[in-house]
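Survey of secondary and tertiary structure
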Amino acid sequence: DASALFAAFTYVVPGMPMIYTGQPSGNHHRLAFFEKDLIDRVENAPQHEMYKQFNELRAANFALWSNEIGAPMVRLNADNDKVFTCVRHAICPKTGKANTVVAVMNMSPEEQAVNVELGEHIGEYNCICGKTMTVEATQAFTLQPWQYVILSKKNDNAQAKIGFNFSLYETKRLFMKNERHANSEKCAIVLTKSSVSLNGNIKFKSAVNQPLVSVES
């Protein structure tokens with residue numbers, strides 16, 4: 001079943017991963033667009049824990065984030081074209097801390113062996129499977145059909161917390177279009193706390209040219 005691999009793929013490549021209605025609940029039928037439809041909820045669906053794991057991975061590794069904070073994706077050299085390999089490496093401009101995430105994915109229904117050139121991205125990594133491993137400059141992997149390995153470098157993201165705690169960097173400004181105003185003026189999102197949870201002091205404003213979201217320290 002390749003569904004888990006391609007779900008993981010959306011969390012590794014640049015952009016915002018999308019979770020559609022019913023996916024974490026194990027729904028297996030296409031929902032009707034224009035009529036009321038019910039989700040087939042599967043008790044203890046493995047997709048629930050899977051997406052929770054992916055969300056925790058993304059929250060803890062700012063290299064996987066979107067926009068200016070996240071890192072570009074760089075393909076790694078490998079000797080098997082049926083295996084997708086990449087690295088995303090970012091350095092926080094404020095703290096100088098680095099964050100590195102490596103992905104190795106078997107895009108085929110057969111077992112694959114691959115040698116991946118990691119270059120400077122050697123060291124100790126945490127695997128999404130819960131294990132740790134030492135990555136060499138040229139690292140060998142043997143992957144089962146549709147298997148994926150996602151590695152985050154140890155101690156890179158010490159300031160980030162697993163779960164729904166997001167490490168945000170002070171005075172980082174992002175801009176978004178405020179569609180509620182006819183003149184489409186831009187509103188700033190101002191992040192002014194180095195680490196904030198969803199239970200933190202968050203204020204919402206909507207006036208034009210005022211911070212749309214302000215997180216105070």
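Cut-offs and rules
Residues numbered from 1 in each chain as written. Predicted model: local features only at pLDDT ≥ 70, side-chain atom pairs only at ≥ 80, totals over all residues. Heavy atoms only, no water. Phe/Tyr/Trp six-rings, centres within 6.5 Å; stacked < 30°, edge-to-face > 60°. Helix = DSSP H or I, 4+ residues; strand = E, 2+ residues; numbered from the N terminus. Buried < 20%, exposed > 50% of the residue type's maximum accessible area, 1.4 Å probe, protein only. Pairing = 2+ DSSP bridges. Axes fitted to C-alpha atoms, helices over the stretch in contact; angles between N-to-C directions. Contact = heavy atoms within 4.5 Å. Expected span 1.5 Å × (residues − 1). Core = buried A, V, L, I, M, F, W, Y, C linked by side-chain atoms within 4.5 Å.

To continue, consider the packing of aromatic side chains. Counted by the stated rule, this structure contains 6 aromatic pairs. Judged by centre distance (6.3 Å) and plane angle (50°), the ring pair of F6 and W146 falls under tilted. Linking F6 in helix α1 (residues 3-12) with W146 in the loop between β7 (138-143) and β8 (148-153), this pair joins segments that are 140 residues apart in sequence. Each ring, one from Y51 and one from F54, has its centre 6.2 Å from the other, and the planes form 90°; the classification is edge-to-face. Remark: F54 and Y51 occur in helix α2 (residues 46-60); sequence separation between them is 3 residues, near one turn of the helix. Overall, the relative accessible area of 8% leaves Y51 in the buried class. Three or more aromatic residues joined by ring pairs make a cluster, and in this case those are Y11, Y51, F54 and Y148.

The phi dihedral of W146 is positive, around 60°, even though this residue is not glycine. Taking relative accessible area as the criterion, W146 reaches 23% and is therefore assigned partly exposed.

Moving on, we come to the sheet that holds strand β6 (residues 132-135). An order of β1-β2-β3-β8-β5-β6 is seen for the 6 strands of this open sheet, with the pairing classed as antiparallel. The outermost strands of the open sheet, each flanked by one partner alone, are β1 (73-75) and β6. Across the sheet, the axes of successive neighbouring strands diverge by a mean angle of 30°, strand direction being ignored. As defined by bridge partners, strand β2 (residues 83-91) adjoins strand β3 (residues 98-106) across 9 bridges and the pair is classed as antiparallel. Of the residues in β3, the one forming a bridge with R88 is V101. This element, α1, spans β2, β3 and β8 of the sheet and lies at about 155° to β3.

Below, the discussion takes up α2. Its 15 residues give α2 an end-to-end C-alpha distance of 21 Å, which sits within 8% of 21 Å, the value for a rise of 1.5 Å per residue. Along α2, the residues that are buried comprise M50, Y51, F54, L57, R58, A59 and A60.

As a further point, take the nonpolar core. Note on soluble globular proteins: their nonpolar side chains tend to be buried together. The biggest cluster of nonpolar side chains holds 33 residues, and the ones touching the most others in it are F54, V104, M105 and I150. Of all the elements in the fold, those that place two or more residues in this core are α1, α2, β2, β3, β4 (112-117), β5 (123-127), β7 and β8. When near neighbours in sequence (up to four residues on either side) are disregarded, V104 contacts V83, F84, T85, V114, V116, F141, L143, Q147, Y148 and V149. Counting 7 residues, the second largest nonpolar core, distinct from the first, contains A63, W65, A71 and A90.

Tracing the backbone shows G26 in the loop between α1 and α2. Considered as a pair, G26 and I39 are 13 residues apart in the sequence and their alpha carbons are 8.8 Å apart.

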